[in-house]
Amino acid sequence: MNLNRISTEEKMYLKEVFNLDSWLLELADLVEQDTCAVLKSINNTARHNQLKVLQAFREAGVTEYHLKETNGYGYGDLGRDTLDTIYSRVFGGEDALVRAQIVSGTHALALALFGNLRAGEELISATGTPYDTLNEIIGHNNQDNSGSLSDIGVGFTEIPLTNSNLPDLDKLQKTVNTKTRMVYIQRSSGYSWRSSLSIDEIAEIVKVVKSKNPDAICLVDNCYGEFANKKEPGEVGADLIAGSLIKNPGGGLAPTGGYLVGKTEFVRGAARRLTAPGIEGSVGSSLGTNRWFYQGLFMAPHIVGEALKGAVFAARLFERLGYQVMPGYNAPRGDIIQAIRFGSPEPLISFCQSIQHCSPVDAMAKPVPGELPGYDHEVIMAAGGFVQGATLELSADAPMRDPYIAYFQGGLSADHTWIAALCAAQSLYQGGFIPNGTCVPAR
Ligand SMILES: *Cc1c(COP(=O)(O)O)cnc(C)c1O
């Protein structure tokens, strides 16, 4: 196979400018060899999804007009409405709501939940503890639950993952009943040490839920999962999916926004909550976001491929250095997150600081752990991107809790991730943190 070996000239540059040792560059070559076949299969998925997105654009008849700016109420905003059509095709739903007014992934999920759940109904999480920011939305473990689902009388049951960190289908089967209105399924690992769900696993969960209650809404938290596989959850029976445009589907270009795709009834429920009953999704101008949203979606399959390639490189590099990683470099991936377990705070902080140091924006900043709205623990975040908090751009973040795991994701270019991962390894080595002495020279 055609290996991307580092040339002598490039090695000189990497040594001089980035202060990388020779042993590390040799290791990078080995990692490149190890991961060759995996990278090929990522290219294959990216191409499949690129064709799918292209076809959705063509079918929708996108013209220059759709990309123009609108203002005011946004009545008849054709760009906005056509983008909804394209999203529903690509993600396998009847309808969609893609809006700059959805401020984040958490907001999109909150719209899905509050827009479709009523007092006395029950929500079940099929994938263990939901993503951190959903805690306050659900409100069951909090003292002050004002405005939460618990506050309006929605019940909540969490089905813990099995000992091998898989969804517990038996328990799910026993728990879903006629009162169950919605089942939350988190595709990505989020801030937890488990693999992401495969599309087949999502299909399996949906099947179990529907066998007990065909009317229960299967909601998939699709954050970080878009375009990681050839199918999306909407294509295997999920009723509603939600995500953020400053993650995968924004392709690194969307400046803000969130989306929902699913059955018309449930997307409307969310739209009523975003705006108001009666105006739903037909009001709300797209301002100047249309072109970014269209172009971002068009770029997304390729950029997600870049992010996946970077993650695979980092997985194998840090594994060879002796760290535990999740997923392994050649394991199936349903999201773009690469978790690396550091075991103590110092190497975790060193890692995040290196990633920041290798960013195109704010490279001189030094991230430190701090509080963040919606999160229970202090969090350290490295992000030097073009859009604030956009984690399809290369970023690393970690809640400061044992066993000190960095969640490393994004990278608009796999080459950027490559250099950042190597710089992080170099700093860890200099700090004396590398666990696997056998692959590095004696210190
Ligand atoms: C990022 C994320 C969210 C929340 O999205 P924000 O845009 O950060 O609010 C929810 N669930 C998962 C799995 C995520 O990765």
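Summarised in this report is the structure supplied together with it.

What counts, and at which threshold
- Residues numbered from 1 in each chain as written.
- Predicted model: local features only at pLDDT ≥ 70, side-chain atom pairs only at ≥ 80, totals over all residues.
- Heavy atoms only, no water.
- Helix = DSSP H or I, 4+ residues; strand = E, 2+ residues; numbered from the N terminus.
- Expected span 1.5 Å × (residues − 1).
- Buried < 20%, exposed > 50% of the residue type's maximum accessible area, 1.4 Å probe, protein only.
- Phe/Tyr/Trp six-rings, centres within 6.5 Å; stacked < 30°, edge-to-face > 60°.
- Lys NZ or Arg CZ within 6 Å of the ring centre and 35° of its normal.
- Contact = heavy atoms within 4.5 Å.
- Near = heavy atom within 4 Å.
- Polar contact = N/O pair within 3.5 Å; in protein donor to acceptor, adjacent residues only side chain to side chain.
- Nonpolar A, V, L, I, M, F, W, Y, C, P; charged D, E, K, R; others polar.

## Details of helix α11 (residues 414–430)
Stage number 1. Compared with an ideal rise of 1.5 Å per residue, which puts 17 residues at 24 Å, α11 spans 24 Å between its outermost C-alpha atoms and is within 8% of the ideal.
Stage number 2. By the criterion of burial, α11 is predominantly enclosed, with 14 of the 17 residues buried.
Stage number 3. Phi turns positive, to about 75°, at Gly-432, one or two residues after α11.

## Considering the packing of aromatic side chains
Stage number 1. With the rule as written, the count across this model stands at 17 aromatic pairs.
Stage number 2. Ring centres of Phe-57 and Tyr-294 lie 5.9 Å apart, and the angle between their planes is 80°; on these two criteria the pair is classed as edge-to-face. Taken as a pair, Phe-57 in helix α2 (residues 22–60) and Tyr-294 in helix α9 (residues 290–320) lie far apart in primary sequence, 237 residues in all.
Stage number 3. Tyr-294 sits in the buried class, given a relative accessible area of 2%.
Stage number 4. Both rings, one in Tyr-323 and one in Phe-342, keep their centres 5.1 Å apart while their planes meet at 65°; by these two values the pair is edge-to-face. Of this pair, Tyr-323 sits in the loop between α9 and β8 (324–326) while Phe-342 sits in the loop between β9 (337–341) and α10 (345–357), and the two are 19 residues apart along the sequence. You'll find Tyr-323 and Phe-342 in the same group, each marked buried.
Stage number 5. Members of the aromatic cluster, connected to one another through ring pairs, are Phe-318, Tyr-323, Phe-342, Phe-351 and Phe-408.
Stage number 6. The cationic tip of Lys-247 hangs over the ring face of Tyr-224; the distance from NZ or CZ to the ring centre is 4.1 Å.

## Section: the environment of Asp-132
Stage number 1. Secondary-structure assignment places Asp-132 in the loop between β2 (122–125) and α5 (134–138).
Stage number 2. With 85 residues separating them along the chain, Asp-132 and Ile-217 place their C-alpha atoms 22 Å apart.
Stage number 3. Excluding residues within four positions of it along the chain, Asp-132 makes contact with Tyr-191, Gly-374, Tyr-375 and Arg-401.

## Concerning the site of the ligand
Stage number 1. Around the ligand, the structure places Ser-104, Gly-105, Thr-106, Leu-109, Tyr-131, Gln-186, Asp-221, Cys-223, Tyr-224, Ser-244 and Lys-247.
Stage number 2. Side-chain polar atom of Asp-221 to a nitrogen atom of the ligand: 2.6 Å apart, as the coordinates give it.
Stage number 3. Separating an oxygen atom of the ligand from a side-chain N or O atom of Lys-247 is a distance of 3.0 Å.
Stage number 4. The element best represented in the shell around the ligand is helix α4 (residues 105–116), accounting for 3 residues.
Stage number 5. Partitioning the shell around the ligand into residue classes produces 4 nonpolar, 5 polar and 2 charged.

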